[in-house]
Amino acid sequence: MNNTELQTKGSREQFKTRFGFIMAVAGSAVGLGNIWRFPYITGVHGGGAFVIIYLVSIFIIGATIALTEMAIGRHGGSDVVEAYGQYDKRFRIPGFLSMIAVTVLMSFYNIIGGWSIYYFIQIISGKFTGISSGEVESIFGNFIVNSPQVAIFTIIFLAVNTIVIVKGITEGIERVSSIVMPALFVLLIVLVIRSLTLPGAKEGVIWYLKPDFSKVTGSTIVAAVGQAFFTLSLGSGAMATYASYLSKDESLPKATYSVVITDTLVALLAGLAILPAVFAFGVSPGEGPGLVFVTLPSIFGKIPFGAFFGAMFFAFFFFAALTSSISMLEVSVTYLIEKKKMERKKAAIIMSIVVLLLGIPPLMSFGSWSHIEIFGLGLFDLYDYFVSNISMPLVGLAGALVICWVWDKQVAKDEVTSNSKFEFRLFNIWYNLTKYLVPILLILVFLTATGILKI
Ligand code: TRP
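If you're wondering where the values come from, they're calculated on a predicted model, not measured in any experiment. Residue positions are given per chain, counted from 1 along the sequence in the order it is written. Residues qualify for local features only when their pLDDT is at least 70, as the model is predicted, and side-chain atom pairs are given and counted only at 80 or more; totals for whole chains, interfaces and linings, by contrast, use all residues. Hydrogen atoms and water are omitted, and side-chain values are computed over all heavy atoms in the structure.

A. Here's a closer look at empty space enclosed by the protein. The rule is simple: put a 1 Å grid over the protein atoms alone, call a set of points where a 1.4 Å probe fits but cannot get out a cavity, call an open set with protein on both sides within 12 Å along at least five of seven lines a pocket, and count a residue as lining if it has an atom within 4 Å of a point. Grid points are joined across faces, edges and corners, and a volume is the space filled by probe spheres set on the points. Within this structure, the stated rule accounts for three cavities of 30 Å³ or more. One number sums up the size of the largest cavity: a volume of about 140 Å³. Taken together, 18 residues form the lining of the largest cavity, with Ser28, Tyr109, Phe230, Ser233 and Met328 sitting closest to its centre. Contributions of two or more residues to the lining of the largest cavity are made by helix H2 (18-29), helix H3 (32-44), helix H6 (92-124), helix H11 (218-231) and helix H15 (306-339). Quantified by volume, the second largest cavity comes out at close to 110 Å³. As for the second largest cavity, its lining consists of 13 residues, and the residues nearest its centre are Leu191, Ser195, Ala273, Ala277 and Phe300. Of all the elements in the fold, those that place two or more residues in the lining of the second largest cavity are helix H9 (169-196), helix H13 (252-280), helix H14 (289-300) and H15. Three classes are used, and their members are as follows: Ala, Val, Leu, Ile, Met, Phe, Trp, Tyr, Cys and Pro are nonpolar, Asp, Glu, Lys and Arg are charged, and the others, Gly among them, are polar. When the residues that make up the lining of the second largest cavity are grouped by side-chain class, the tally is eleven nonpolar, one polar and one charged. Put simply, DSSP marks the helices as runs of H or I at least four residues long and the strands as runs of E at least two long, and each gets a number from the N terminus on.

Structure representation (structure tokens):
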């Protein structure tokens, strides 16, 4: 198959503007990884020292793989299974794996999305105002074990996703992302200003950004590469699927840089929004749910206009999660449309039901199934482990192999330069990084993430 044949295939919808595409992809990238993972791992891995290593990882490795996955997706012009397997059918397997993994990811991501709706309502109704940290903790504890209640909020969150996806690429994804992403940025800036002006905020900034090279080890580099990978939604079919709806008249390298810069900026700012506030109140930062759903609400309960800023934070959190989860749903919906010739609406509804059912075990794992462990992991963590530690690095590796070892070099070059329409000076660097360095690093990430290799 040559390029022209692929270009004229069918009459698929396409993103209307480059801005819309970038906002959609950045929307996928900006999510829980930026808000509750990045600030924390930066703090424990040596602050500013980690930021430097992270920046190198994200611009050298993250951007390289992002471009690779988008090139595969756009060249395929179809679903992710077709895209990976277009020249060698064996690579349909990682395509398929990515689709399963991203659906599993969505099934637990949604639950957290649902939590943010509950918190938004609670905070706006003043429930956190003036209460002690212990009380906040028990609100959280009582909420997450109440599975029927959590299920309702999960369903609401999921339903919003379904509606956006039913509306399609331009009217749904592009429109929502183009409005939400700039708004999200404004919310974030306001939160940063609020946080930095709290008395005692300085300590937090110091903990967060002061370079401490003594904490830098081999595992720091693996952590940085792993974070770069997760935060850019790589190895999960989302980039390839979105790019399949992008016109050949757009420059992929340019889009890649815009997305990487946006995502990095949001991650750095999220740290500045959260950590100074945490330190101002003398609490020590932890990772994940505790930080966002216990520490922050108790701070919002103590500062002037806390309910207002708290509502803003959870709105921010909700939208960041939403623009990520719609990209997860779109992967399998695109597949059903292309491969099973299904209508978009039907595909979106079927996949939403699948996601909901798949979400039952992780949801229950906070409640009455909390005792169930498989391979020593609770059900929620087990899902996360399969997606983040196993599937993502393997699919990322497959992407590098596809473009540099399966495709002709010229095919790759034509795709990333839109048949020489755009000059891409870094082509050889990108190509060789993808061909040699990326596979080695991803194998290393895979081996350490799965505990096979200890460093
Ligand atoms: N990038 C998302 C975040 O930072 C997480 C993520 C990983 C993701 N893989 C994805 C989102 C695939 C959408 C699609 O939270």
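Anyway, onward from the coordinates.
B. Region of interest: the site of the ligand. A single heavy atom is enough: if one lies within 4 Å of a molecule or strand, its residue is considered near that molecule or strand. Near the ligand you find 18 residues, and of these Ala29, Leu32, Gly33, Tyr109 and Phe230 are the closest. For this analysis, a polar contact is any N or O atom pair within 3.5 Å, provided that within protein one partner can donate a hydrogen and the other can accept it, and provided that sequence-adjacent residues contribute only side-chain to side-chain pairs. Separating a nitrogen atom of the ligand from a backbone N or O atom of Ala29 is a distance of 3.0 Å. One of the backbone nitrogen or oxygen atoms of Thr231 is found 3.1 Å away from a nitrogen atom of the ligand. Against a free-state accessible area of 360 Å², the protein chains account for coverage of 100% of the ligand. Here the criterion for a molecule occupying a pocket or cavity is that more than half of its atoms lie within 2 Å of the pocket grid points. Its atoms largely coinciding with the cavity grid, the ligand occupies the largest cavity. Elements that contribute at least two residues to the shell around the ligand include exactly H2, H3, H6, H11 and H15. The class makeup of the residues in the shell around the ligand is nine nonpolar, nine polar and no charged. Every accessible area reported is derived by Shrake-Rupley at a probe size of 1.4 Å, with residue values counting cover from the shown protein chains alone.

C. Quick peek at the layout of surface pockets. Volume-wise, the largest pocket comes out at about 1,000 Å³. Lining the largest pocket are 38 residues, with Arg37, Glu287, Asp384, Ser388 and Asn389 sitting closest to its centre. Of the residues belonging to the lining of the largest pocket, the class tally is 21 nonpolar, twelve polar and five charged.

D. Representation of the pattern of salt bridges in the model. Put simply, a salt bridge is a Lys or Arg side-chain nitrogen that is within 4 Å of an Asp or Glu carboxyl oxygen. This model, assessed by the stated rule, comprises 14 salt bridges. Of the charged contacts, one joins Glu415 and Lys248 as a salt bridge, the two residues approaching to 2.8 Å between their closest N and O atoms. Here Lys248 lies in the loop between helix H12 (238-243) and H13 and Glu415 lies in helix H19 (residues 409-416), a separation of 167 residues in the sequence. Arg344 is paired through a salt bridge with Glu330; the nearest N and O atoms lie 3.0 Å apart. Placement of the pair is Arg344 in helix H16 (residues 344-358) and Glu330 in helix H15, with a sequence separation of 14 residues. We classify Glu330 as buried; its relative accessible area is 0%. A cluster of three or more residues bridged by salt bridges with shared partners is formed by Asp79, Glu82, Arg92 and Lys339. Relative accessibility under 20% of the residue-type maximum defines a buried residue, over 50% an exposed one, and the middle range a partly exposed one, all with a 1.4 Å probe and only protein chains included.

E. Geometry of the confidence of the model for the protein chain. For every residue, the pLDDT score states the predictor's confidence, bounded by 0 at the bottom and 100 at the top. The predicted model of the protein chain has a mean per-residue pLDDT of 93, with 98% of residues at 70 or higher. Contacts between residues were defined by any pair of non-hydrogen atoms, one from each residue, lying within 4.5 Å. Considering only residues more than four positions removed or in separate chains, one finds that residues 1-9, a stretch of pLDDT under 50, has 13 contacts.

F. How the structure looks around the nonpolar core. Here the nonpolar core consists of buried residues drawn from Ala, Val, Leu, Ile, Met, Phe, Trp, Tyr and Cys, with membership extended through side-chain atoms lying within 4.5 Å. Counting residues in hydrophobic clusters, the biggest one holds 156 residues, and the most contacted among them are Phe21, Tyr84, Trp115, Ile173, Phe293, Phe313 and Phe317. Residue contributions to this core peak at 19 residues, all from H15. Ignoring any residue separated from it by four or fewer positions in sequence, one finds Phe293 in contact with Trp36, Ile112, Trp115, Ser116, Tyr119, Val136, Phe140, Phe314 and Phe317.

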